[in-house]
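Take a look at the letters that make up each chain.
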Amino acid sequence: MTPSTMKPSIGIRLAAAALVVVTVSSAVGVAGCRRRAVAPPPSNDLLVIGYDREPDTLNRFSTHILEDVQTCIVEGLTVTDEKMNVVALLAEDVPTPRNGGVVLTPDGGMDVTWRLRDGLRWHDGAPVTSADVTFTVEAINDPDWNPESTDGFDRISSVSTPDARTAVVHYKEVYAPYALQFVRGLLPRHVLEGRDIDAANDYNRNPLGTGPYRLKEWKTGEYILLERVRGYWRGGGLPHIRQLLFKFLPNTNTRVNQLKSGEVHVVPLLPWDKFREVADSPTTVVHRMTGNSYEVVSLNQRRVGAFADVRVRRALMHAADRALIARSVLEGLAPVVDGPIQPVSWAFTDDVAKYAYDPARARALLDEAGWRVRGTTGIRERGGRPLSFGLMAQAGFAIRENVAQALQKQWRDVGVEARIELHDGTALASLWFAGKFDALLHWWHMPADPELTLFFAADRVPPAGRNISYLADSELTELLYASDRTVDLERRRSLLVAAQKRIAELVPEIPLYNITRLDAVPRALGGFKGNPTNAGIFWNVHEWNVR
Amino acid sequence: MIGRVVWRVAQAFPLLVIVSIAGFALIHAAPGGPLDIYLSNPNVRPEDIARLKRSLGLDQPVWLQYFTWLGGLARGEWGYSFTDGRPVVERFAERVPATLELVAVSLLLAALAAVPAGVYAAVQRGTWVDRAATGIAMAGISLPVFWFGLVLQLIFAVGLGWLPSAGRATPGDGGLVDRIEHLALPASVLALVQAAAWSRYLRASMIDVLAQPFMLAAQARGVGRPRLVWRHGVRNAVGPMLTVVLLDAAMLVSGAVVTESIFAWPGLGSLFTEALARRDYSVLMAFLMASSALVVVLNLVADLCLMRLDPRTAEP
């Protein structure tokens, strides 16, 4: 007998048996091989949220991630509700010209008077005063601190505080979105005055607020646990739910698996391709809401000469069967849109030029623009140059990749070649911000205030803005700047309606569909309203109640 | 032996400097940067981007950024995370225990599986046992980790409800049983992949050893089978595998990226994924340097272990 044909020794047999035992026990043995509730069901004692990322900071002014967790702790003077109306929160009222809260000044500026609710206190018991408003403005405008955005604050010249509950904010110029100026809340002066806020991690990781919840525990990489604040200023025993647990689950499949196994109860921003998996769940309902974002193909006129011709842009609109894409690729979850302001906004108008799917019309427009099929490739040419461009999109985003392929096919049918180029999300952001693309399939998350200047004004091309189509239309630019410089809501609306009509005529980009927001919540959850803005679904968490 | 260790450590320094230059250049050459994540927020103006860029020093030439970083490293300062502004060392330190826990358990499981499987397959070469072990090992090597992990989640968490699908512990619990339950799925996935590969190495190595004349001589001297296989066979066969095991350990410690991501395991792999997505340069460089140093150290440890197992390798 040679060693290679020896029978296994008893030692080897024992080792093999041990292997089986160890493997099996490690997988299931410890669990006792029994079905059990891997987590408690949703209740007013605990609601578990499957969150797709860990916040970078809980300082609302510094974070660049959705503010769901922060919203539960830190409240603004106003908040946007589920219909995107700006409503008062810590302020008694939303200041307007009509109620005397907004006064235009002779020097071209304006004064906005904020009146705080009576009896407001920070979670540590200190009173919330107008000095906190002043401190917030000064801190954000201090060059030594680096908040995410200084938008609007940089237009404030000073703040005066006639009394502890009143702050008058003096603007150097008329600033239309003033009502959202303090939507991210206030910074507590008594905690942060004289400190380097970038380094104030005691506050940044455990902020002091006035909201219905406070931080109980932040286990880095795992979860954030919030607990109910006793004596929340709204009274009435609010909030109903005692603890909110935000679990960080970056992998989408894992998040959905946890939802199905009952380990999490709420999944905000459920990806569309997971809708079917969850839609029939007996315990979960998927809340659908029109979003304040839209999917679009931006056409870079600076890089692709053909895009400078409005006939080509209109032809691309007519050639795109957006309704088919919405029905098939998007499974009817997202309605087709015709412009940048979404139906959830008070400034929205549907009375704009529409471009129905009409390939014959697309071909005629391209012929008229001098782009004709001459060779055997089927691609249109003019002056020996083919009508061909790169269509950039995010890699690994299955729905977007499918939409890109559908558009590629539909445009190919009218003799236009779109070459799909995929990049990872971060790389893509730097490319579009530098205008380094021909056409870009992406989405725009619109601000809660319906400002379009940043996206379409002629002087707001990168790096000064987001006019990445490089559209230069003086009429539109004038309309947009005029809309920014009025606080008369009706006048502002009429200017924005005119701007939407002009954009629809010019077709600087190809709007595709609304980014419908899907949020998976327990069927037993009452008081849930949703929200299309960055405020997120937790803006009214104090009303949530598990039946 | 001490001289050899000192020499190897001295050799490692220029190597690590070269790695740092190459890594720094590659990370900065990749499209995108730490501020790109801000671009999707319409309230962040281009003026804000320019301001933030200045504050993080990203407006400086890359070579200057490198020397600033290297100078900090020489003083023992790993810098601050571009994501949350906390010290990189602090972000690392809070992730290390979870990774060590996962890696230690999975390596142990893998070794417990691989050694008997590899030895058994070699001793029983050509039989159905060998073929079955080969089939299982091939499956283990071929199965995509992300897919296998999700399948285990679906079976054991969603379907059977026996185990939690992700996370390291139940908030508010964290007892031993709870920890083991959370560890079971990710550790099994990692262990299967490692065990599959190691069992193949060991089988091949063992077959070579079994054919050596000294094995026949030992058998002729009347050495019993268990002693023949384990003392004479495995001891000689396990040497080449040791280097592989230790290098695999270094790779796992520096990031079982996919497994940690799928199972929301709060270790270094998850941190790396997050840092990569956000182009958190300081965290990524710390990763690169720490994992390079770990590879160097574990390579050295492997050599020292080999010297102990087979003194012939210690000869110059």
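A short tour of the structure in this document, coming up. Note on numbering: residues in each chain are counted from 1, in written sequence order. Chains and ligands are labelled by the order in which they are written, letters from A for the one and numbers from 1 for the other. pLDDT decides what is reported in this predicted model: residues at 70 or higher carry local features, side-chain atom pairs at 80 or more are listed and counted, and totals for whole chains, interfaces and linings draw on all residues regardless. Only hydrogens and water are removed before side-chain values are computed, so all heavy atoms of the structure are retained for them.

### Focus: the overall build of chain A
From N to C terminus, chain A includes 15 helices and 22 strands. Projected onto its principal axes, the C-alpha positions of chain A cover 85 × 80 × 45 Å. In this scheme, a residue with accessible area under 20% of its type's maximum is buried, one over 50% is exposed, and one in between is partly exposed, where area comes from a 1.4 Å probe on protein chains only. Buried positions account for 58% of the 547 residues belonging to chain A. Residue pairs in contact within chain A that sit at least 24 positions apart in sequence constitute 68% of those at least 6 positions apart. When the accessible surface of chain A is summed, it comes to about 21100 Å², and 51% of that surface belongs to carbon and sulfur atoms. In this tally, Asp and Glu contribute negative charge and Lys and Arg positive charge; neither His nor the terminal groups of the chain are included. Charge placement uses NZ in Lys and CZ in Arg. For Asp and Glu, CG and CD serve respectively. Within chain A, one finds 64 positive and 65 negative side-chain charges whose respective centroids are separated by 7 Å. Secondary structure elements follow DSSP: runs of H or I no shorter than four residues count as helices, runs of E no shorter than two count as strands, and numbering proceeds from the N terminus. In what follows, a contact means two residues having at least one pair of non-hydrogen atoms within 4.5 Å. Values of accessible area rely on a 1.4 Å probe in the Shrake-Rupley scheme; residue burial ignores everything except the protein chains shown.

### Thoughts on the sheet that holds strand β7 (residues 166–171) of chain A
All names here are of chain A. With antiparallel pairing, the four strands of this open sheet are ordered in space as β4-β5-β7-β6. Looking at which strands have only one partner, the edges of the open sheet turn out to be β4 (102–104) and β6 (156–163). Across the sheet, the mean angle from the axis of one strand to that of its neighbour is 20°, orientation sign disregarded. A strand pair is defined by DSSP finding two or more bridges across the two strands. Both strand β5 (residues 110–115) and β7 contribute to a ladder of six bridges, which runs antiparallel. Paired with M110 across the two strands is Y171, which belongs to β7. Under this scheme, a helix contributes an axis fitted over its contacting stretch, all axes are lines through C-alpha atoms, and angles between N-to-C directions fall in the 0 to 180 degree range. Contacts from helix α3 (residues 130–141) reach β6 and β7 within the one sheet, and its direction differs from that of β6 by about 165°.

### Structural notes on the pattern of salt bridges
Residues and elements named next belong to chain B. Any Lys or Arg side-chain nitrogen found within 4 Å of a carboxyl oxygen on Asp or Glu counts as a salt bridge. Inspection of the entire model under this criterion finds 42 salt bridges over all chains. Across the salt bridge formed by R86 and E94, the nearest N and O atoms sit 2.8 Å from each other. For R86, a relative accessible area of 3% corresponds to the buried category. The exposure class of E94 is partly exposed, given its relative accessible area of 27%.

### Let's talk about the packing of helix α8 (residues 310–319) of chain A against helix α10 (residues 359–368) of chain A
Residues and elements named next belong to chain A. At a minimum axis separation of 8 Å, α8 and α10 run at an interaxial angle of 165°. Taken together, the axes of α8 and α10 are roughly antiparallel relative to one another. Like other packed secondary-structure pairs, α8 and α10 cross with a definite hand, here left-handed. Across from R311, V312, R314, A315, H318 and A319 in α8, the residues of α10 making contact are P359, R361, A362, L365, L366 and E368. Classes in brief: Ala, Val, Leu, Ile, Met, Phe, Trp, Tyr, Cys and Pro nonpolar; Asp, Glu, Lys and Arg charged; the others, Gly included, polar. In terms of residue class, the contact of α8 with α10 is built from seven nonpolar, one polar and four charged. Should an angle fall under 35 degrees it is taken as roughly parallel, and over 145 as roughly antiparallel, whereas 65 to 115 is taken as roughly perpendicular and any remaining angle as oblique. With the far helix as reference, a near helix turned anticlockwise by less than a right angle produces a left-handed crossing, and one turned clockwise produces a right-handed crossing.

### Considering the sheet that holds strand β18 (residues 439–445) of chain A
Residue and element names in this part refer to chain A. Strand order in the open sheet formed by five strands is β17-β16-β18-β12-β19, and the pairing between neighbours is mixed. Every other strand in the sheet has two partners, leaving β17 (417–423) and β19 (509–514) as the edge strands with one partner each. Within this sheet the neighbouring strands show an average axis-to-axis angle of 30°, counted without direction. As paired elements, strand β16 (residues 388–394) and β18 share two bridges and run parallel to each other. Bridge pairing in β18 places L391 opposite A439. Against the sheet, helix α12 (residues 425–433) touches β16, β17 and β18, its axis set at about 135° to β16.

### Section: the environment of R322 of chain A
Residue and element names in this part refer to chain A. By secondary structure assignment, the location of R322 is in helix α9 (residues 322–327). The exposure class assigned to R322 is buried, which follows from its relative accessible area of 7%. Considering only alpha carbons, one finds R322 and Y355, 33 residues apart in sequence, at a separation of 10.0 Å. If near-sequence neighbours (up to four positions away) are discounted, R322 is found in contact with M317, V336, V337, D338, Y355, P511 and L512.

### Some thoughts on unusual backbone geometry
Note the cis peptide between L238 of chain A and P239 of chain A, where omega equals -5°. By secondary structure assignment, the location of P239 of chain A is in the loop between β9 (223–228) and β10 (243–248). Backbone geometry at A264 of chain B places phi at a positive 45°, although glycine is not the residue there. Structurally, A264 of chain B is set in the loop between α10 (257–262) and α11 (268–277). With a phi angle near 50°, R279 of chain B is a residue other than glycine that sits in the positive phi range. For R279 of chain B, the location among the structural elements is in the loop between α11 and α12 (281–309).

### Topic: the pairing of β10 of chain A
All names here are of chain A. Among the six residues of β10, six are classified as buried, and the element is accordingly described as predominantly covered. What you see with β10 is no split at all: Q243, L245 and K247 on one side and L244, F246 and F248 on the other are buried throughout. As defined by bridge partners, strand β1 (residues 46–51) adjoins β10 across six bridges and the pair is classed as parallel. Residue I49 lies in a different strand from β10, and its bridge partner there is F246. Relative to β10, β9 is paired through five bridges, and the arrangement is antiparallel. Residue L226 lies in a different strand from β10, and its bridge partner there is L244.

### A closer look at the environment of I156 of chain A
Residues and elements named next belong to chain A. Within the element layout of this structure, I156 appears in strand β6. The buried category is assigned to I156, whose relative accessible area is 6%. Separated by 16 residues in the primary sequence, I156 and K172 place their C-alpha atoms 5.9 Å from one another. Excluding residues within four positions of it along the chain, I156 makes contact with V137, N141, V169, H170, Y171, K172 and Q181.

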